[in-house]
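Descriptive structure summary
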Amino acid sequence: MNALVDPLSYREQSPAVRARFEALKERPVVLSVENLYKTFPCGSGVVTALKDVSFQVYRREFMCVIGPSGCGKSTLIRILAGLEDSSSGQVLLDGKPVSGPGPDRGMVFQSYTLFPWLTVKQNVMFGPRMAGKGSSAEPEARQWIDLVGLSRFENSYPHQLSGGMKQRVAIARALANRPRILLMDEPFGALDAQTRSQMQSYLLQIWRNLDITILFITHDLDEAAYLSDRILVLKANPGEVDEMIEVPVPRPRTPSQFVTPEFIATKYRIDQLIHPEAAHETDSIPFPRMTVAGDDVE
Amino acid sequence: MSPDSIREKRLREPWFAARRDLSPRRASLLTLLSFTLPLLIWSAVSYLPFLWHPDMELQISADRENVTTVYVAGDRMSREFFPEFQEAVRQQNQPLKATLESFDPAAEVPNGAALRRANKKTLRHLAPILTSNHWITEEQAKDDAAIYAAWGEIASGRKIPERPRLSDENLAIVARNWAAMSKVSPAYDSGRFISVPLLALVPQGRPANPDYLPAPHEVVVSGIKEFTAPPEAERPSMWQRVGHSIRIVFGGFLLAALVGVAIGVLCGTYPVFSKLVEPFTDFFRYMPAPTFSTLLVAIFLANDAPKIALVFVGTIFQLVLVVANTTRRLELPLLEAAQTLGANQAQLLTRVVIPGVLPNLYDDLRILLGWAWTWLVIAELVGVKSGLTEFIETQGRWRNFDSVYPVIILIGLIGFFTDQILSALSRVLFPWTARASCKPNLLTRALVFLPRFFQKDSSARALSDTSAECKIEKA
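Treat the numbers as computed from the prediction; the structure is a model and nothing was measured.

For chain B, the helix and strand inventory stands at 19 helices and 3 strands. Scored against the burial criterion, the 475 residues of chain B give a buried share of 29%. Across chain B, the fraction of contacts at a sequence separation of at least 24, relative to all contacts at a separation of at least 6, is 70%.

In any sheet, the strands associate via hydrogen bonds between backbone groups, in a parallel or an antiparallel arrangement. Residues and elements named next belong to chain A. In space, the 6 strands of this open sheet follow the order β6-β7-β8-β3-β9-β10, with mixed pairing throughout. At either end of the open sheet lies a strand with only one pairing partner, and these are β6 (105–108) and β10 (240–246). Between one strand axis and the next, the sheet turns through 20 degrees on average, direction left out of account. Pairing analysis gives 6 bridges linking strand β9 (residues 230–235) to β10, with the strands arranged antiparallel. Across the sheet, the residue bridging to K235 is E240, located in β10. Across the face of the sheet, helix α6 (residues 163–175) comes into contact with β6 and β7 (181–185) while running at roughly 175 degrees to β6.

Okay, the sheet that holds strand β2 (residues 45–58) of chain A next. All names here are of chain A. On the basis of which strands lie adjacent, the open sheet formed by 4 strands has the order β2-β1-β4-β5 and antiparallel pairing. The two strands at the open ends of the sheet, each matched to only one other strand, are β2 and β5 (96–97). Two strands pair when backbone bridges link them, and strand β4 (residues 88–93) and β5 are joined in this way by 2 bridges, in the antiparallel orientation. Looking at the pairing, L92 lines up with P97 of β5. In this fold helix α2 (residues 73–81) packs onto β1 (29–42), β2 and β4, with an angle of close to 65 degrees to the strand it touches most, β2.

This part covers the packing of helix α4 (residues 112–124) of chain B against helix α6 (residues 144–156) of chain B. Residues and elements named next belong to chain B. As a packed pair, α4 and α6 sit with axes 10 Å apart at the nearest point and diverge in direction by 70 degrees. In terms of orientation, α4 and α6 fall into the roughly perpendicular class. As for how α4 packs across α6, the hand of that crossing is left-handed. Contact residues: α4 offers K120, L123 and R124, while α6 offers D144, I147, Y148 and W151.

Looking at chain A, the pLDDT average stands at 89 and 91% of residues meet or exceed 70. Element-level mean pLDDT values for chain A span from 55 in helix α10 (residues 278–281) of chain A up to 97 in strand β8 (residues 213–217) of chain A.

Split into domains, chain B comes out as domain 1 (55–208) and domain 2 (228–430). Placing a centre on the C-alpha atoms of domain 1 of chain B and another on those of domain 2 of chain B gives a separation of 59 Å.

What follows deals with the interface of chain A and chain B. Contacts between the two partners involve 27 residues from chain A, matched on the other side by 23 residues from chain B. Looking at the side of chain A that touches chain B, the elements with two or more residues in it are β6 and α4 (126–130) of chain A.

Within the secondary structure, T433 of chain B sits in the loop between α16 (401–429) and α17 (442–454). Expressed as a C-alpha distance, the spacing of T433 of chain B and N360 of chain B, which sit 73 residues apart in the sequence, is 9.9 Å.

On to the environment of G223 of chain B, then. Considering the arrangement of structural elements, one finds G223 of chain B in helix α8 (residues 216–228). Distance in space between the C-alpha atoms of G223 of chain B and R329 of chain B is 46 Å, their sequence separation being 106 residues.

What follows concerns the nonpolar core. If you look at the biggest cluster of nonpolar residues, it comprises 136 residues, and the most contacted ones within it are V169 and L215 of chain A together with V311 of chain B. Element by element, the count of residues in this core is highest for helix α12 (residues 305–328) of chain B, at 14 residues. Excluding residues that lie within four positions of it along the chain, V169 of chain A makes contacts with L114, V120, N123, V124, V148, L150 and L161 of chain A. A73, F85, L123 and A127 of chain B belong to the second largest nonpolar core, which has 30 residues in total.

Our next topic: helix α2 (residues 24–47) of chain B. Residues and elements named next belong to chain B. Given a rise of 1.5 Å per residue, 24 residues ought to cover 34 Å, and the 33 Å separating the end C-alpha atoms of α2 matches this to within 8%. Bending of α2 peaks at approximately 35 degrees at the position of S34, with proline P38 no more than four residues after it. Summarising burial for α2: 1 of the 24 residues are buried, a small minority.

Basis of the calculations
Residues numbered from 1 in each chain as written. Chains lettered and ligands numbered in written order. Predicted model: local features only at pLDDT ≥ 70, side-chain atom pairs only at ≥ 80, totals over all residues. Helix = DSSP H or I, 4+ residues; strand = E, 2+ residues; numbered from the N terminus. Buried ≥ 20, exposed ≤ 12 C-beta atoms within 10 Å, placed from the backbone. Contact = placed C-beta atoms within 7 Å. Pairing = 2+ DSSP bridges. Axes fitted to C-alpha atoms, helices over the stretch in contact; angles between N-to-C directions. Parallel < 35°, antiparallel > 145°, perpendicular 65-115°, else oblique. Left-handed = near helix turned anticlockwise from the far one by under 90°. pLDDT = per-residue confidence, 0-100. Domains from an automatic or database assignment. Core = buried A, V, L, I, M, F, W, Y, C linked by C-beta atoms within 7 Å. Expected span 1.5 Å × (residues − 1). Bend = angle between axes of the 7 residues up to and from the residue.

As structure tokens, then:
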């Protein structure tokens, strides 16, 4: 395997890609996370879910957070959304510390969180209505629904939509608040593989057409490599920043890039970080020998 | 595959398959059976004499010497005792036969007045047979002249009782008695009446069920009679009673719902209320509501107030806990999503929690309305008895069970149909629930299409479109 992929080739960036990253880092920082800790009491002791996590997300950046299970990536995004408090450290949005949830950070959850009693349009209008905008929000809501391609369903109730459609509405609903950053917590995790890749293309399209910064949590290597500008890889127990990978795959992205050397190298690197030895361990697990027809093995 | 083989395959569909849906035809057949089967069993037990029938209903009774227990026609006795009863009467008749045949109409009998009185009673024992053969009316049952004439007609064979028949034994007794009676006077004359003891008619009866299980037709007949009877002074009509009972149930229930839903939703939303209210409520609900009845009368005095209060007390504690639990079952991610969309605490309650739990809350209230009905009977016994319960109580004490059943069944029907209507209404009220878009039953269809018929409004149409939209779900 090592003969096929140079483990460090993911660091090689073409001039165009390098220029893109230089331009990206010139942009203002939208979200800044500084020395974030999160500990939970557990029995008599404490469990450290996040340990000294610091990173920055630039304007219009698409960042994925990936890590082995138990690395605290969901805790991280819930802290960013204000749904949980950190134990120490701070989160700055446009330089100002945040506390509690707010419409400036839109969130798309893994579970379907559309309000079942509201139609698609009313769901999208929920945020503006909370802010006191009444019917004036309606034409704008239509545009958001249009953007996610569900104009035909604006008067449908969520239970009449498929999983992928529900998540598209959830994205439109979060965007309708015009948030500074869109937080997405494994939004496509519950979808089947086909719908998922469709949704990834949708999301990239939306992202390209809007001035929106996205922080996206996933456990899917392909998804991370396909969507991101940079990938934040977390370590488990405790959740620490392992590496910030700059994805060397040029934009705009298409599924055909899945087989380019840059893509494979990136994936290989994430895989190495997430499953350091585990990938090869299965070979050495003693496995009972069995036959189908009940014949004797010997 | 040929059409024949397709049909054959459908025939082999099993009736018993775990968690597998039955075909619509089978399903409706079974629904129909679930109502007709109990009716059929009831009818079978009532109308097939070889099923059960542990009692005898007397058609002709008799008095026994030195026995104080008196049976009259229409009374029931166990089938084991009936032959003993008959035998006792036969024994009693035995010594009388000779004196009756050899008596002299002219001779004076000592103690004649008492014997004549006893003979009149014997005469009247035939009356029930005469009324059920429609020879005399119910009012004539004590008209001795008419009865006397009937004895003569039966003895001479001019009239033969058909429904019910008179046993041969009794026909012979009628003949013997008439032979003697007619010697004294051919027509009834209270002054010239036989004073030699007459033979008593041997008791006759038909197999019957105990009076607590009247036959369906008896229940229907007395139901119609009770419900069409006009109100008398001091005695409300049946429909007034129904109205009164409904007022008590709904009065108590609506009050409980008003207070209980508010408290329950607050408990389910804010742990502060939950911890403050629920432990005590949980304790209080174990105290049976009826134990408070005397207290409630003391507080609310007579009339309907203590009754409504009893339904209220019996319902509200359950209601608070059930509503609180339902509210807590609202998915937390919905609240979190609303918060990330900018909803504040007040908006969370009014814009997310309340609309979110409404359909489930509605179902809870439907179930608890059933509870409220169970308190009705006890509530109506509190203070001054009233409504349907008072009727059941009185009729029950008189053992008029054929009048009791219609009322019990009516309460069941009111409850059942209220629930069905509310259930159908929930599809109209909550078109966003998945349940609303699946096959509506007949009642729902009526409820949905009626408003559509009158107004071509988009909200009504949205509901009926749901089935079409179900199909394009995976577009």
